Amino acid sequence: MHTRNILMVCLGNICRSPLAEGIMREKLKQRKLEIYVDSAGTSSYHIGENPDRRSITNALKNGVDISKLIARQFKVTDFNGFDVIYAMDKQNMKDILKLSRNSEDAAKVKLLLDELDNTNFNEVPDPYFGGEDGFQLVFDLVNEACEKIAEKLQHEMNNYKL
Ligand code: 4NP
């Protein structure tokens, strides 16, 4: 079995996780890997909204278009639909795990930045109440983690085909 689908999760699904979705999709497309990527928020605050304007602008500046994405809330059936669920921070991870029904569900949940070995950060900081710099930091951290994941998935896929 190889990874078929990935869910990125933050609190509002308007800043960090839509960016993670957009970046991951881009990297998988470049590698011609057919893996589905989606994102969701643990809260209901912004259901139905496009990403935060600051997140859209910063992503575009870095070559990724997330303007059409629409926020939704994480739901328990996402454990059925996704192989891996990446939480942006530890509180998101806790909130997702609270909804898990068994050890199989729980085993799907990972902290995104645990994919990186060398970083001062183990969580993607919430940029919502901060300035522009915060969005670039989010971009850089998420971009690095997604690159690592894409490389891993490429290897996984190559081995699967052998
Ligand atoms: P996100 O950022 O979890 O990265 O989408 C936030 C968005 C909205 C809020 C907090 C964080 N809020 O409190 O509304």
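For the structure itself, look to the data block above.
The rules we used
- Residues numbered from 1 in each chain as written.
- Predicted model: local features only at pLDDT ≥ 70, side-chain atom pairs only at ≥ 80, totals over all residues.
- Heavy atoms only, no water.
- Helix = DSSP H or I, 4+ residues; strand = E, 2+ residues; numbered from the N terminus.
- Polar contact = N/O pair within 3.5 Å; in protein donor to acceptor, adjacent residues only side chain to side chain.
- 1 Å grid on protein atoms, 1.4 Å probe; cavity = no way out; pocket = protein on both sides within 12 Å on 5 of 7 lines; lining within 4 Å.
- Points joined across faces, edges and corners; volume = space filled by probe spheres on them.
- Nonpolar A, V, L, I, M, F, W, Y, C, P; charged D, E, K, R; others polar.
- Near = heavy atom within 4 Å.
- Sits in = over half its atoms within 2 Å of the grid points.

Draft legend 1. Spotlight on the environment of Lys 98. If you trace the backbone, Lys 98 turns up in helix H4 (residues 90–98). Taking the C-alpha atoms as reference, Lys 98 lies 9.8 Å from Val 76; in sequence the two are 22 residues apart. A polar side-chain atom of Lys 98 sits 3.1 Å from a polar atom in the side chain of Asp 95.

Draft legend 2. Structural view of the layout of surface pockets. Here the largest pocket defines a volume of roughly 150 Å³. Taken together, 13 residues form the lining of the largest pocket, with Leu 11, Gly 12, His 46, Asp 126 and Tyr 128 sitting closest to its centre. Residues that form the lining of the largest pocket fall into these classes: 8 nonpolar, 3 polar and 2 charged.

Draft legend 3. Focus on the site of the ligand. Inspection of the region around the ligand gives Cys 10, Leu 11, Gly 12, Asn 13, Ile 14, Cys 15, Arg 16, Tyr 45, His 46, Asp 126, Tyr 128 and Phe 129 as its neighbouring residues. Contact distances for the ligand include 3.3 Å between an oxygen atom and a backbone N or O atom of Asn 13. One nitrogen or oxygen atom from the side chain of Asp 126 is found 3.5 Å from an oxygen atom belonging to the ligand. When each cavity is represented as a set of grid points, the ligand is found to reside in the largest pocket. Residue composition of the shell around the ligand, by class: 7 nonpolar, 3 polar and 2 charged.

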